[in-house]
Amino acid sequence: MITESKSENTKKILRYLMRDIIQKKLYERGIKCEVAGEEEKADILLKSSGITIGKVFIILPDDEDLSFLKTESGNSQIYIAFEKGREKEITSKLLSLGLGGKVKFITWEIKVNFQ
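Bear in mind that the values here come from a model prediction, so they are computed numbers and not experimental data.

Engineer: Explanation requested: the pattern of salt bridges in the structure shown.
Structural biologist: Where side chains of opposite charge bring their charged atoms close, a pairing between them can arise. Taken as a whole and assessed by the stated rule, the structure comprises 11 salt bridges. Of the charged contacts in the structure, one is a salt bridge between Glu-109 and Lys-84, with a shortest N-O distance of 3.8 Å. A residue pair is termed long-range when its members are at least 10 positions apart, and Glu-109 in the segment after β5 (103–108) and Lys-84 in the loop between β4 (77–83) and α3 (87–96) qualify at 25 residues. Of the residues examined, Glu-109 reaches a relative accessible area of 63% and is grouped as exposed. Judged by its relative accessible area of 43%, Lys-84 falls in the partly exposed class. The partner of Arg-86 in a salt bridge is Glu-89, with the nearest N and O atoms 3.0 Å apart. For Arg-86, a relative accessible area of 8% puts it in the buried group. The partly exposed category is assigned to Glu-89, whose relative accessible area is 33%.

Next comes the structure, spelled out in structure tokens:
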């Protein structure tokens, strides 16, 4: 039996919590969305008439690699959700990947310590 560390469990809980909160807020604003399936890298899919028009990726505080966004930037609008105060760091990483201005931000103010 494989046991996960406390940090991994905390990350999963935070990801699920943020996904549910973001999905609820988008729904309140009239945006139809659904939780992405296991085969998707995205956390939430934004839909219109059954067609995916956007993808939301949740970036946790210790996630460093954003290179996967480069392959995801097809026809859908890309949104990333991350902790408020990391805008400069995230923007710098996006610019280095050539994604400046192509990704929209969703920020949150929850502080989590992954100790």
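Engineer: Sorry, what's going on with the pairing of strand β2 (residues 44–48) here?
Structural biologist: When a strand is regular, its side chains alternate between the sheet's two faces. With four of five residues buried, β2 is to be regarded as a mostly interior element. For β2 and strand β3 (residues 51–58), the ladder comprises five bridges, and the chain directions are antiparallel. Residue pairing for β3: Ser-48 is matched across the bridge by Ile-51. A loop of two residues connects β2 with β3, the two strands running antiparallel in sequence, and Ser-49 in this loop sits at a positive phi of about 55°.

Engineer: Could you clarify how one ought to interpret the layout of surface pockets in this entry?
Structural biologist: A water-sized probe rolled over the atoms picks out the places where empty space is left. Put simply, the largest pocket is a space of about 350 Å³. Around the largest pocket, the lining is made up of 15 residues, and of these Arg-15, Tyr-16, Arg-19, Glu-38 and Asp-43 lie nearest the centre. At six residues, helix α1 (residues 6–28) tops the list of elements feeding residues into the lining of the largest pocket. Partitioning the lining of the largest pocket into residue classes produces five nonpolar, one polar and nine charged. By volume, the second largest pocket is sized at about 180 Å³. As for the second largest pocket, its lining consists of Met-18, Ile-21, Ile-22, Lys-25, Leu-26, Arg-29, Ile-106, Thr-107 and Trp-108.

Engineer: Please clarify how the packing of aromatic side chains should be interpreted in this entry.
Structural biologist: A ring pair, where both rings are aromatic, is described by two values, the distance of the centres and the angle of the planes. Under the counting rule described, the total for this entry stands at two aromatic pairs. Considering the side-chain rings of Phe-82 and Phe-105, the 5.0 Å spacing of their centres and the 80° angle between planes classify their relative orientation as edge-to-face. With a gap of 23 residues between them, Phe-82 in strand β4 and Phe-105 in strand β5 connect regions that are remote in the sequence. Under the relative-accessibility criterion, Phe-82 is labelled buried at 0%.

Conventions used here
Think of each chain on its own: its residues are numbered from 1, step by step along the sequence as written. Given that the model is predicted, a residue must reach a pLDDT of at least 70 before its local features are reported, and side-chain atom pairs must reach 80 or more before they are shown or counted; all residues, however, enter totals for whole chains, interfaces and linings. With hydrogens and water stripped out, all remaining heavy atoms of the structure feed into the side-chain values. Here a salt bridge means any side-chain nitrogen of Lys or Arg lying within 4 Å of a carboxyl oxygen belonging to Asp or Glu. What counts as a helix is a DSSP run of H or I of at least four residues, what counts as a strand is a run of E of at least two, and both are numbered from the N terminus. Partly exposed residues are those whose accessible area sits between 20% and 50% of the maximum for their type, while under 20% is buried and over 50% is exposed, using a 1.4 Å probe and protein chains only. One requirement defines pairing of two strands: DSSP has to find at least two bridges between them. Detection works on a 1 Å grid of protein atoms alone, calling trapped sets that fit a 1.4 Å probe cavities and calling open sets with protein on both sides within 12 Å along at least five of seven lines pockets, with lining residues defined by an atom within 4 Å of a point. Grid points are joined across faces, edges and corners, and a volume is the space filled by probe spheres set on the points. Only Asp, Glu, Lys and Arg are considered charged in this grouping, and only Ala, Val, Leu, Ile, Met, Phe, Trp, Tyr, Cys and Pro are considered nonpolar; every other residue, Gly among them, is considered polar. Within 6.5 Å between ring centres, the rings of Phe, Tyr and Trp (the latter by its six-membered ring) count as paired, and their orientation is classed by plane angle as stacked under 30 degrees, edge-to-face over 60, tilted in between.

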